[in-house]
Amino acid sequence: MLAHKLIESQLPINKLDIYESRSDPRDEQNLGASRAYALGLGIRGRTAIQTVDNELWNSVKKRGYECERFKLHLTPKINIKLRDKEEGVQPSVLIYQSDLCGQLLDELEKRADANVVNINFDSPITELDLDESTISKSNGTQQQYDLIIGCDGANSIVRKSSSESP
Ligand SMILES: Cc1cc2nc3c(=O)[nH]c(=O)nc-3n(C[C@H](O)[C@H](O)[C@H](O)COP(=O)(O)OP(=O)(O)OC[C@H]3O[C@@H](n4cnc5c(N)ncnc54)[C@H](O)[C@@H]3O)c2cc1C
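Remember, it's a predicted structure, so these values are computed and weren't measured experimentally. The residue count restarts for each chain, going from 1 along the sequence in the order it is written. The predicted nature of this model means local features are confined to residues of pLDDT at least 70 and side-chain atom pairs, given and counted, to a pLDDT of 80 or more, with totals for whole chains, interfaces and linings taken over all residues. The basis for every side-chain value is the complete set of heavy atoms in the structure, and neither hydrogens nor water enter the calculation.

### Concerning unusual backbone geometry
Point 1. At D122, a residue that is not glycine, the phi angle is positive and equals roughly 50°.
Point 2. Starting at the N terminus, helices and strands are each numbered in turn, a helix being any DSSP run of H or I of at least four residues and a strand any DSSP run of E of at least two. Counting through the fold element by element, D122 comes out in the loop between β7 (117–120) and β8 (125–129).
Point 3. The phi dihedral of S133 is positive, around 55°, even though this residue is not glycine.
Point 4. In this fold, S133 is placed in the loop between β8 and β9 (134–137).

In structure tokens:
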């Protein structure tokens, strides 16, 4: 998402490297491996994607299923109604995480200049040195950066490094 926003921005970006520790979600051999759960994209998810543009949202929507009612079945007899059809409220979109990531990637590749945006899968960042502005990769090499943006989730190396930095 952030990569989408960056390429749509007016920032003079010569090179944008994306490092993802997992494999390409579009690789059929990976299906079910690590992005297997389904997400419900409600108003927050929809609005976030629409901040790029509506075309991106419509392409994501096509990959999922629109739902107006949700019921959580805890046991065969106990269930909780989480959402019901409401007038004027847009349906949520149920989508597999792998399909969501795959669609955002397809669109990114379609929109971005391949000479500028470089997506690296199976490429975890192992260390970040904020003083030297370098990242260390799992193959033992280092790379200099001008600007780093951490989108690395709950156990973020980027967040950890910045909180440790004086
Ligand atoms: C079972 C389950 C169900 C959920 N259902 C919903 C739902 O219905 N609706 C909803 O809105 N949210 C749902 N969520 C929450 C949602 O999945 C998260 O809020 C969302 O994925 C967070 O996005 P993120 O980009 O911050 O982190 P992530 O999705 O965790 O993405 C971080 C990425 O960074 C990569 N990465 C991590 N460390 C490194 C590193 N060192 N180097 C390189 N790459 C790295 C990871 O491989 C990962 O791909 C659910 C979560 C779970 C677990």
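### A few points about a negative patch on the surface
Point 1. Taken together, the side chains of E127, D129, D131 and E132 make up a negatively charged region of the molecular surface.
Point 2. Tracing the chain through its elements places D129 in strand β8. Note on patches: the residues involved have over 30% relative accessible area and no salt bridge, like charges join within 9 Å, and the nonpolar side chains Val, Leu, Ile, Met, Phe, Trp and Tyr join within 5 Å. With residues, only the protein chains shown are counted as cover, and all accessible areas are computed by Shrake-Rupley using a 1.4 Å probe. A side-chain nitrogen of Lys or Arg and a carboxyl oxygen of Asp or Glu constitute a salt bridge if their distance falls within 4 Å. Lys and Arg are tallied as positive, Asp and Glu as negative. Neither His nor the chain termini are counted. To locate a charge, take atom NZ for lysine, CZ for arginine, CG for aspartate or CD for glutamate.

### Remarks on the site of the ligand
Point 1. If even one non-hydrogen atom of a residue comes within 4 Å of a molecule or strand, that residue is called near it. In the vicinity of the ligand lie 15 residues, with E20, R22, Y37, G40 and I125 positioned nearest.
Point 2. Polar contacts, as counted here, are pairs of nitrogen or oxygen atoms within 3.5 Å of one another; within protein the pair requires one atom able to donate a hydrogen and one able to accept it, and residues that are adjacent in sequence qualify only if both atoms are side-chain atoms. Residue R22 places a side-chain N or O atom 3.0 Å away from an oxygen atom belonging to the ligand.
Point 3. The backbone of I125 places a nitrogen or oxygen atom 2.9 Å from a nitrogen atom of the ligand.
Point 4. Bound to the protein, the ligand loses 50% of the 990 Å² it would expose on its own.
Point 5. Any residue outside Ala, Val, Leu, Ile, Met, Phe, Trp, Tyr, Cys, Pro, Asp, Glu, Lys and Arg is labelled polar, Gly included; the first ten of those are nonpolar and the last four are charged. Residues of the shell around the ligand, tallied by class, amount to 7 nonpolar, 5 polar and 3 charged.

### Re the packing of helix α2 (residues 43–50) against helix α3 (residues 54–63)
What describes two packed helices is the angle between their axes and the distance between those same axes.
Point 1. In this analysis, axes come from line fits to C-alpha atoms, helices being fitted only over the stretch in contact, and the angle between any two N-to-C directions falls in the range 0 to 180 degrees. Closest axis-to-axis distance for the α2/α3 pair is 7 Å, and the angle between their directions is 130°. On the basis of their axis angle, the class for α2 and α3 is oblique. Packed against α2, whose contacting residues are R46, I49 and Q50, the element α3 presents N54, L56, W57 and V60 at the interface.
Point 2. Of the residues that constitute the contact of α2 with α3, the class distribution is 4 nonpolar, 2 polar and 1 charged. Orientation is classified from the angle alone, with under 35 degrees giving roughly parallel, over 145 giving roughly antiparallel, 65 to 115 giving roughly perpendicular, and any other angle giving oblique. Any pair of residues with heavy atoms lying within 4.5 Å of one another is described as a contacting pair.

### Overview of the packing of α3 against helix α4 (residues 97–111)
Point 1. α4 packs onto α3 with a crossing angle of 140° between their chain directions and a minimal axis gap of 9 Å. The angle between α3 and α4 places the two elements in the oblique class. In terms of crossing hand, the pair formed by α3 and α4 is right-handed. Contacts from E55, L56, S59, V60 and R63 in α3 reach D99, L100, G102, Q103, L104, D106, E107 and R111 in α4.
Point 2. Grouping the constituent residues of the contact of α3 with α4 by class yields 4 nonpolar, 3 polar and 6 charged. What makes a crossing left-handed is the near helix being turned counterclockwise from the far one by less than a right angle; a clockwise turn instead makes it right-handed.

Functional significance is not addressed by these values, which are geometric in nature.
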